[in-house]
Amino acid sequence: MHPFEFYLKLGFEHISNLAGYDHILFLVVLCAIYKIQQWKNILVLVTAFTIGHSVTLAMVSLDIFTIPSNIIKFLIPTTIFITALHNVIGVKLTEEPKKMGRNYAMALFFGFIHGMDFSNYFKALIMGDSSILVPLLGFNIGIELGQLLVVFFIVGIAFLFLNVIRAKHRDWNVFISGAAAGMALISMLENKFW
């Protein structure tokens, strides 16, 4: 079994690695509707995503369920597409979001799906019957740290566009969400499982 630090680093690299752009793209579109002043909402949303991710990793590692990887490869861009669509038609940017529960539930549920993407590799790493507590804890703390770094970068760019360049928040959201939806749609078509 590998030490805690190994899993911490693995989780951090998993979420911050540009090769895993799908997770980064999900974070980008998840944050597109928020301003820097709403940083608490962003942190809770990202943590909900991590909780979903960790529940799936635990369940797959304990052989509670498995889903074929070809279906997962389709579902991940689908989560990005749905989130982008929700950003454009399901959210009013002119007022403070009052119904954050829906966003948190969506982030949590989509975290379940994104967690499936790495679960088989993670299961092989923990070597079957070993305790999953230390690997799961290390991996998920690493993911959370990686996500916070990515989110800090995303929110910094949004701050630049919204406060320095003075782009309209609606325009920013539509541009980011539209680009993410387009990339997700291409990925969905490339990874269709039927």
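Look up a bit, the structure's there.
Residues numbered from 1 in each chain as written. Predicted model: local features only at pLDDT ≥ 70, side-chain atom pairs only at ≥ 80, totals over all residues. Heavy atoms only, no water.

Visitor: If you had to explain unusual backbone geometry to someone new, which residues and values would you point to?
Guide: The bulk of non-glycine residues show a negative phi, and the bulk of peptide bonds are trans. With a phi angle near 60°, aspartate 63 is a residue other than glycine that sits in the positive phi range. On the accessibility criterion, aspartate 63 (52% relative accessible area) is exposed. Backbone geometry places arginine 166, a non-glycine residue, at a positive phi of 70°. On the accessibility criterion, arginine 166 (65% relative accessible area) is exposed. (Buried < 20%, exposed > 50% of the residue type's maximum accessible area, 1.4 Å probe, protein only.)

Visitor: So what about a nonpolar patch on the surface? Which residues, and what values?
Guide: On the surface, Ile36, Phe159, Leu160, Phe161, Val164 and Ile165 cluster together into a nonpolar patch covering about 510 Å² of accessible area. By secondary structure assignment, the location of leucine 160 is in helix α6 (residues 133-164). The exposure class of leucine 160 is partly exposed, given its relative accessible area of 40%. (Patch = residues over 30% accessible without salt bridge, like charges linked within 9 Å, V, L, I, M, F, W, Y side chains within 5 Å. Areas by Shrake-Rupley, 256 points an atom, 1.4 Å probe, with all protein chains shown as cover. Salt bridge = Lys/Arg side-chain N within 4 Å of Asp/Glu carboxyl O. Helix = DSSP H or I, 4+ residues; strand = E, 2+ residues; numbered from the N terminus.)

Visitor: Help me get a handle on the packing of aromatic side chains, residues and values and all.
Guide: Taken as a whole, this structure holds 9 aromatic pairs when the rule is applied. When the centroid spacing of 5.4 Å and the interplanar angle of 75° are considered together, the rings of phenylalanine 74 and phenylalanine 193 count as edge-to-face. Linking phenylalanine 74 in helix α4 (residues 69-89) with phenylalanine 193 in the segment after α7 (169-190), this pair joins segments that are 119 residues apart in sequence. Looking at phenylalanine 74, the relative accessible area reads 13%, which means it is buried. In this structure phenylalanine 193 comes out as partly exposed when scored by relative accessible area, which is 36%. Here the aromatic cluster, defined as three or more aromatic residues joined through ring pairs, consists of Phe26, Phe49, Phe109, Phe110 and Phe112. (Phe/Tyr/Trp six-rings, centres within 6.5 Å; stacked < 30°, edge-to-face > 60°.)

Visitor: Break down the packing of helix α2 (residues 21-31) against helix α3 (residues 39-61) for me, citing the residues and quoting the values.
Guide: Direction vectors running N to C along α2 and α3 enclose 145°, while the axes themselves pass 11 Å from each other. Where α2 crosses over α3, the two elements pack in a sense that is right-handed. Listed contacts from α3 to His23, Phe26, Leu27, Leu30 and Cys31 of α2 are Ile42, Leu45, Val46, Phe49 and His53. Of the residues assigned to the contact of α2 with α3, the class counts are 8 nonpolar, 2 polar and no charged. (Axes fitted to C-alpha atoms, helices over the stretch in contact; angles between N-to-C directions. Left-handed = near helix turned anticlockwise from the far one by under 90°. Contact = heavy atoms within 4.5 Å. Nonpolar A, V, L, I, M, F, W, Y, C, P; charged D, E, K, R; others polar.)

Visitor: I'd like a description of the side chain of threonine 83, backed by residues and values.
Guide: Along the chain, the position of threonine 83 falls in helix α4. On the basis of relative accessibility, which here comes to 1%, the residue threonine 83 falls in the buried class. A polar contact is formed between the side chain of threonine 83 and the backbone oxygen of threonine 79, at a distance of 2.8 Å. Apart from the residues within four sequence positions on either side, threonine 83 is in contact with Phe26, Val29, Leu30, Met106 and Phe110. (Polar contact = N/O pair within 3.5 Å; in protein donor to acceptor, adjacent residues only side chain to side chain.)

Visitor: Could you give an account of the pattern of salt bridges, with specific residues and numbers?
Guide: Counted according to the given criterion, the structure contains 2 salt bridges. Taking the shortest distance from any N to any O, the salt bridge between lysine 9 and glutamate 13 comes out at 3.7 Å. In this pair, lysine 9 and glutamate 13 are both assigned in helix α1 (residues 4-16), 4 residues apart and thus about one turn of the helix distant. For lysine 9, a relative accessible area of 53% puts it in the exposed group. The class for glutamate 13 is partly exposed, based on a relative accessible area of 38%.

Visitor: I'd love a proper account of the environment of histidine 2, names of residues and values included.
Guide: Examined against the element boundaries, histidine 2 turns out to sit in the segment before α1. Exposure remark for histidine 2: the relative accessible area of 29% places this residue in the partly exposed category. With 30 residues separating them along the chain, histidine 2 and alanine 32 place their C-alpha atoms 37 Å apart. If we ignore the near neighbours within four places in the chain, the residues touching histidine 2 are Tyr7 and Leu125.

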